[in-house]
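# Breakdown of the fold
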Amino acid sequence: MPTRTAIAGKLAKERAALLDHYRGLSDAQLTDPCTESEHEGGRPWAAKDHLAHIANIERTFQGIIERTLTGARSPIEIGGKGASRDELIAAVHRMNEAHVDANRSTALDALLADIAAARTDTLALLDRVSDDDLARPVPGAPWADGTIGGVLITLGYHDQQHMTWVAEGLASRA
């Protein structure tokens, strides 16, 4: 299980890298398609779409952690009770596509404010969770080591992964 210090450090490091990367993108790089959607039949994503997704997933993980803390037996609530890993992933892809589609016209400043607000809420949650609870398993969690701490640190890796996908997607289209 990652420590509170490791979680906070990973979240800060990867968010700073993500923001630095986005600050270096032109308007066209922010809005032109750069990656394929993982949802079958979904539209390609622009770099800006990844920001909408990142904020949404961060809030989704906050909800999963909150439900775990209150003793929910199935805190993930994605894909239906008892969903297999494949069903969970397919449900996440559908959810992601719907959220990105709903936010395609959202201004960059609003998306940046949204991911900042989501991160503020995550850090407040991290401050509120006890060390014992960081080690608490999240039933059905396929992320990291499956603990609350593992789910939290995954948000840093999530930022890193999307930054990489955007950079690779933009490079392949150049």
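The following refers to the structure shown. These numbers were taken from a predicted model, which means no experiment stands behind them.

### Overview of the overall build of the protein
Looking only at helices and strands, the protein features 7 helices and 2 strands. In sequence order, the protein lays out its α and β elements as α-α-β-β-α-α-α-α-α. For 174 residues, the compact-globule estimate of 2.2 N^0.38 gives 16 Å, and the protein sits close to it at 16 Å. C-alpha atoms of the protein, sized along the principal axes, occupy 45 × 35 × 25 Å.

### Focus: the layout of surface pockets
Taken as a whole, the largest pocket encloses approximately 580 Å³ of empty space. If you trace the largest pocket, you find 25 residues lining it, with Glu 38, His 53, His 158, His 162 and Trp 165 closest to the centre. Residue assignment for the lining of the largest pocket shows that the elements contributing at least two residues are helix H3 (47-69), helix H4 (85-102) and helix H7 (148-173). The biggest single contributor to the lining of the largest pocket is H4, with 7 residues. When grouped by side-chain class, the residues that make up the lining of the largest pocket number 10 nonpolar, 11 polar and 4 charged.

### Things to note about the environment of His 93
Looking at the element boundaries, His 93 is found in helix H4. For His 93, a relative accessible area of 18% corresponds to the buried category. Between the C-alpha atom of His 93 and that of Ala 52, which follows or precedes it by 41 residues, the distance is 14 Å. With residues near it in sequence (within four places) discarded, His 93 still touches Glu 38 and His 39.

### Thoughts on the pattern of salt bridges
For the structure on display, the rule yields 15 salt bridges. Between Lys 13 and Glu 14 there is a salt bridge; the shortest N-O distance is 3.9 Å. You can call Glu 14 buried: its relative accessible area is 4%. Of the charged contacts in the structure, one is a salt bridge between Asp 133 and Arg 136, with a shortest N-O distance of 3.0 Å.

### Some remarks on H3
Here H3 is 23 residues long and its end C-alpha atoms lie 34 Å apart, about the 33 Å a rise of 1.5 Å per residue gives. Counting buried positions over the 23 residues of H3 gives 19, a clear majority of the element. Of the residues one or two after H3, Gly 71 is the one with positive phi, at around 90°.

### Here we look at the side chain of Thr 68
For Thr 68, the position within the fold is in helix H3. Other than its neighbours up to four places away in sequence, Thr 68 contacts Pro 75, Arg 136, Pro 137, Val 138, Pro 139 and Ile 148.

### Topic: helix H5 (residues 108-128)
Compared with the 30 Å implied by 1.5 Å per residue over 21 residues, the 30 Å span of H5 between its first and last C-alpha is a close match. All of the buried residues in H5 are Leu 111, Ile 115, Ala 118, Arg 119, Thr 122, Leu 125 and Leu 126. Projected down its long axis, H5 shows its buried positions confined to an angular sector of 115°, all on one face. Exposed residues pointing more than 90 degrees away from the buried face of H5 are listed as Asp 109, Thr 120, Asp 127 and Arg 128. The inward-facing, buried residues of H5 abut helix H1 (4-23), H3, helix H6 (131-134) and H7.

### Notes on the packing of aromatic side chains
The geometry of an aromatic ring pair comes down to the distance between the two centres and the angle between the two planes. Enumeration according to the criterion identifies 1 aromatic pair in this entry. Aromatic pair Phe 61 and Trp 143: ring centres 4.6 Å apart, planes at 50°, arrangement tilted. A residue pair is termed long-range when its members are at least 10 positions apart, and Phe 61 in helix H3 and Trp 143 in the loop between H6 and H7 qualify at 82 residues. There is no split in this pair, since Phe 61 and Trp 143 are both buried.

About the thresholds
Residues numbered from 1 in each chain as written. Predicted model: local features only at pLDDT ≥ 70, side-chain atom pairs only at ≥ 80, totals over all residues. Heavy atoms only, no water. Helix = DSSP H or I, 4+ residues; strand = E, 2+ residues; numbered from the N terminus. Rg over C-alpha atoms; globule rule 2.2 N^0.38 Å. 1 Å grid on protein atoms, 1.4 Å probe; cavity = no way out; pocket = protein on both sides within 12 Å on 5 of 7 lines; lining within 4 Å. Points joined across faces, edges and corners; volume = space filled by probe spheres on them. Nonpolar A, V, L, I, M, F, W, Y, C, P; charged D, E, K, R; others polar. Buried < 20%, exposed > 50% of the residue type's maximum accessible area, 1.4 Å probe, protein only. Contact = heavy atoms within 4.5 Å. Salt bridge = Lys/Arg side-chain N within 4 Å of Asp/Glu carboxyl O. Expected span 1.5 Å × (residues − 1). Arc of directions from axis to C-beta. Phe/Tyr/Trp six-rings, centres within 6.5 Å; stacked < 30°, edge-to-face > 60°.

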